[in-house]
Amino acid sequence: MLPFRHLIVTLRWSSLVGWLATKQGGVSHFIGLREKGLLEYTGLVYSGGVVLPRCSKEKTEKKPMIRNKICLLALCGLIALSAASVRADDSALLDVLVKKGILTKQEAEKLEAEVGKEPVAQPQGLAANIKIGDWVQELDLYGDMRFREYWSNFENQLPTPPQKVTTAYDKNIQRQRLRFRLRLDADFKLADNFFGGFQLSTSDNRGGTTTNATYTGGTDNYNIYISRAFMGWAPIDGLTFVIGKQNNPFYTTELNWAPDVGPSGIVERIDFHRLFGWGSGGEPAGYSKEGKAPPPEVAPTPFPLELSLIAGQFIFFNNNADSSISFDKTDAFFFDTQLLAKIHLLHNQVTVTFGPQVQIWNEAGLGPTAVLNKTTVTNPVNNPTGSAIGFPDQSTAPTGGTGTGTLGTLNDAIPFPIYTRDEFFLQAPGDISFKLAGIPISFYWDTSYNVWGPERFNEVYGPLFDTVTYTKSATGTATPHFSGLIHPTFQDYFAWLAGVKIGQNKKKGDISLLVDYRQIGLAAVDPNINTDDFNLSYLNAAGWRASVAFNLTDFAVLQVTGWFSNNLVRNLYGGFATQGTYAQALPNSSQVLAVDLAFRF
């Protein structure tokens, strides 16, 4: 005997019910005509995907007549259900019934007119108060909040002056802060393969490498910034364009990019494996907090290679075109292009990812109205404020323009608003990921080599020296004098990182451990977009980071992270290494400890 179950069809139109009852000469197959015009019909059964009439042995002789009535009622019920969702389909269905001879043309017209009089059901509750355009196909709202206890310490690289010169010198700088972070995100998909998103976040200032805010005092309020605002278009599967301030679209590590940095500009991405149907998306561009691109993933295929080309053209600072200084009127840009490959081995048990890329910056200033000049000094070794031919003169300090803040751009926690000059980086991040006893494990690495590193070392940060002595100035402070001119070596314009991550943090009880080591030459990375967690964003560093994270719940994670580092070149004095507001290699050593409690929603 065929299995069956009742099919209950609920019709909302009393006029349709009345017409059907009249048409069939009675309502013997209908029960429960409700006060609100709702009617339940239970005269059908479902078997093997086909709608069949319920019948008994006593009615076998009436089978042909009952079949006709039931078919008619079932078809009309389907018409009613379709009308409730898409009224445009009514006419087409009625035309089919007329052609089959089930309805006459006059009967179809009368039915369509009666159904058309019924009011369309209105949304109730929250849906009635939120209006979204028909072109919005999907809207995803989410966010996270993090509370952080942050302690840092660094030792000045400059040696302590003799007491006869000055006692007002702090060799060790310690800082403890209670901080928090709030991020509110929205991602949306629109019609015709358009998508976009935005993010609102906290920050102590508009610096782009962190969204942390520091608790100050009393009942102070805190700033909210627009940290993401972008639109994208994926005209075909495998081809994506994005414009605006967006998540980092590249596969990378924090050796070269701080995790919170969102570049502003245009990105083009070609996923060859999608374009030519090789398989599923590899490392989607980071257009949301999870780094997933809005275009949906396609079904995977056995082909083991995923290959993508990602190119970005980013505006870094819009300078004043009326400036009297050439590179201060040129807008600052940087360009990044990456070839990203992901290979699946051993039946997807092992994945190797490799993303070589080229990053080039043009020669420009970052907004100061007065900049460092190039002067000729007879004896730069014994003149602490002068410089040799072709080097910047440290005696001319950069100053900010009206209304621009400290300088034209804040960028990193330790900004360098002087030059985007002599920066041609070859970078090569990658990882090998697999599972061992069901535990995810990833060995990862990154490198950065500045082709123009020697020039940047000398012409931007220099001159630099290996010896320092002090004299007492007229104001009673210590004045440093440098000697022993340093010439750059390979380690000054090369950086590398290697580490391992064990475990993951997705659900309650998950735990992960991360350990890595890195070395960063003074001219090896751009100081405005590197992370401010390791070595407080200072360059010329080598050291370790370790972190352990535990899921208290599916949405709450407790994490403890520590960093400690030493300077890569022990004695590196003068220039923008240890002098001035924007010194880039100030610490002899540094230690950082952060305890985080994060919630996502």
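These numbers come from a predicted model, not from an experiment.

**What to know about the overall build of the protein chain**
In terms of helices and strands, the protein chain carries eight helices and 26 strands. Taken across its 601 residues, the protein chain has 46% of its residues classed as buried. Put simply, of all contacts in the protein chain between residues at least 6 apart along the chain, 67% involve residues at least 24 apart. Approximately 30,000 Å² of the protein chain is accessible, and the part contributed by carbon and sulfur atoms is 60%.

**Considering the pattern of salt bridges**
Counted under the stated rule, the structure contains 17 salt bridges. In this structure, the salt-bridge partner of Lys 189 is Glu 138, at a minimum N-O distance of 3.8 Å. With Lys 189 in strand 7 (residues 172-190) and Glu 138 in strand 6 (residues 136-156), the pair connects residues that are 51 residues apart, well separated along the chain. The exposure class of Lys 189 is partly exposed, given its relative accessible area of 23%. Its relative accessible area of 43% is what places Glu 138 among the partly exposed residues. A salt bridge links Glu 459 to Arg 421, with the shortest nitrogen-to-oxygen separation between them at 3.1 Å.

**Here we look at helix 7 (residues 453-461)**
The set of residues buried in helix 7 consists of Gly 453, Arg 456, Phe 457, Val 460 and Tyr 461. With its buried residues spanning 115° around the axis, helix 7 presents them on a single face. Taken together, the buried residues of helix 7 touch strand 19 (439-450) and helix 8 (575-578).

**Looking at the pairing of strand 10 (residues 224-236)**
In the sheet, strand 8 (residues 194-202) pairs with strand 10 via nine bridges, with the strands oriented antiparallel. Paired with Thr 202 across the two strands is Ile 224, which belongs to strand 10. In terms of strand pairing, strand 10 meets strand 11 (residues 239-245) through six bridges, oriented antiparallel. Paired with Gly 232 across the strands is Val 242, a residue of strand 11. As consecutive antiparallel partners, strand 10 and strand 11 are separated by two residues, and within that stretch Gly 238 has a phi angle of approximately 105°, a positive value.

**A short note on the nonpolar core**
Phe 416, Phe 457, Tyr 461, Ile 520, Leu 522 and Leu 572 are the most contacted members of the largest nonpolar core, which totals 37 residues. Sorting elements by how many residues they give to this core places helix 7 first, with three residues. Sequence-distant contacts of Leu 572, that is, excluding residues within four places in its chain, are made with Gln 157, Phe 457, Leu 464, Phe 465, Ile 486, Leu 522, Asn 540, Ala 577, Thr 578 and Ala 585. Judged by nonpolar contacts, the second largest core, of 22 residues, contains Phe 230, Val 242, Trp 257 and Ile 529.

**Looking at the packing of aromatic side chains**
Counted by the stated rule, this structure contains 25 aromatic pairs. Seen in terms of ring centroids, Tyr 215 and Tyr 222 are 6.0 Å apart; in terms of plane orientation they differ by 85°. Their pairing is edge-to-face. Assessed through its relative accessible area of 29%, Tyr 222 is described here as partly exposed. The ring centre of Phe 534 lies 4.4 Å from the NZ or CZ of Arg 518, which sits over that ring.

**Some remarks on the pairing of strand 21 (residues 478-485)**
When strand 20 (residues 465-472) meets strand 21, the two strands line up antiparallel, connected through seven bridges. Bridge pairing in strand 21 links Val 468 to Phe 482.

**Observations concerning the environment of Val 136**
Here Val 136 is to be found in strand 6. Setting aside its immediate chain neighbours within four residues, Val 136 contacts Lys 189 and Leu 190.

**With respect to the confidence of the model for the protein chain**
Mean pLDDT over the protein chain stands at 78; residues scoring 70 or higher make up 70%. Within the model, the stretch residues 400-406 combines pLDDT values under 50 with eight contacts to residues more than four positions away or in other chains.

**Side note on the environment of Val 548**
Tracing the backbone through its elements, the reader meets Val 548 in strand 24 (residues 541-551). A C-alpha to C-alpha distance of 9.4 Å links Val 548 and Gly 562, two positions 14 residues apart in sequence. Beyond its immediate stretch of four places on either side in the chain, Val 548 contacts Ile 511, Ser 512, Leu 513, Leu 558, Gln 559 and Val 560.

**Comments concerning the side chain of His 344**
As for its position among the elements, His 344 is in strand 14 (residues 332-345). Of note is the side chain of His 344, whose polar atom sits 3.3 Å from the side chain of Thr 351.

**Thoughts on unusual backbone geometry**
Omega for the bond connecting Gly 462 with Pro 463 falls within 30 degrees of zero, at 0°, which places this linkage in the cis form. Within the secondary structure, Pro 463 is located in the loop between helix 7 and strand 20. For Asn 348, which is not a glycine, the phi torsion comes out positive at approximately 65°. With respect to the helices and strands, Asn 348 occurs in the loop between strand 14 and strand 15 (350-354). The backbone of Asn 535 shows a phi angle near 55°, a positive value even though the residue is not glycine. As for its placement among the helices and strands, Asn 535 is situated in the loop between strand 23 (511-520) and strand 24.

**Some points on a nonpolar patch on the surface**
On the surface, Trp 151, Ile 439, Ile 502, Ile 511, Leu 513, Val 548, Phe 550, Leu 552, Leu 558, Val 560, Leu 593 and Val 595 cluster together into a nonpolar patch covering about 920 Å² of accessible area. Those elements giving two or more residues to the nonpolar patch turn out to be strand 23, strand 24, strand 25 (556-567) and strand 26 (587-600). With relative accessibility at 41%, the residue Leu 593 sits in the partly exposed group.

**Structural notes on the side chain of Asp 526**
Tracing the backbone through its elements, the reader meets Asp 526 in the loop between strand 23 and strand 24. As a buried residue without a salt bridge, Asp 526 has its nearest oppositely charged side chain in Arg 456, at a separation of 4.6 Å. What Asp 526 contacts, discounting residues up to four positions off in sequence, is Trp 361, Glu 423 and Phe 425.

**As for the environment of Val 595**
Residue placement: Val 595 occurs in strand 26. Expressed as a C-alpha distance, the spacing of Val 595 and Arg 148, which sit 447 residues apart in the sequence, is 5.5 Å. Non-local contacts of Val 595, meaning those with residues more than four positions away in its chain, are made with Phe 147, Arg 148, Glu 149, Leu 558, Gln 559 and Val 560.

Criteria and thresholds
Residues numbered from 1 in each chain as written. Predicted model: local features only at pLDDT ≥ 70, side-chain atom pairs only at ≥ 80, totals over all residues. Heavy atoms only, no water. Helix = DSSP H or I, 4+ residues; strand = E, 2+ residues; numbered from the N terminus. Buried < 20%, exposed > 50% of the residue type's maximum accessible area, 1.4 Å probe, protein only. Contact = heavy atoms within 4.5 Å. Areas by Shrake-Rupley, 256 points an atom, 1.4 Å probe, with all protein chains shown as cover. Salt bridge = Lys/Arg side-chain N within 4 Å of Asp/Glu carboxyl O. Arc of directions from axis to C-beta. Pairing = 2+ DSSP bridges. Core = buried A, V, L, I, M, F, W, Y, C linked by side-chain atoms within 4.5 Å. Phe/Tyr/Trp six-rings, centres within 6.5 Å; stacked < 30°, edge-to-face > 60°. Lys NZ or Arg CZ within 6 Å of the ring centre and 35° of its normal. pLDDT = per-residue confidence, 0-100. Polar contact = N/O pair within 3.5 Å; in protein donor to acceptor, adjacent residues only side chain to side chain. Patch = residues over 30% accessible without salt bridge, like charges linked within 9 Å, V, L, I, M, F, W, Y side chains within 5 Å. Lys, Arg positive; Asp, Glu negative; His and termini not counted.

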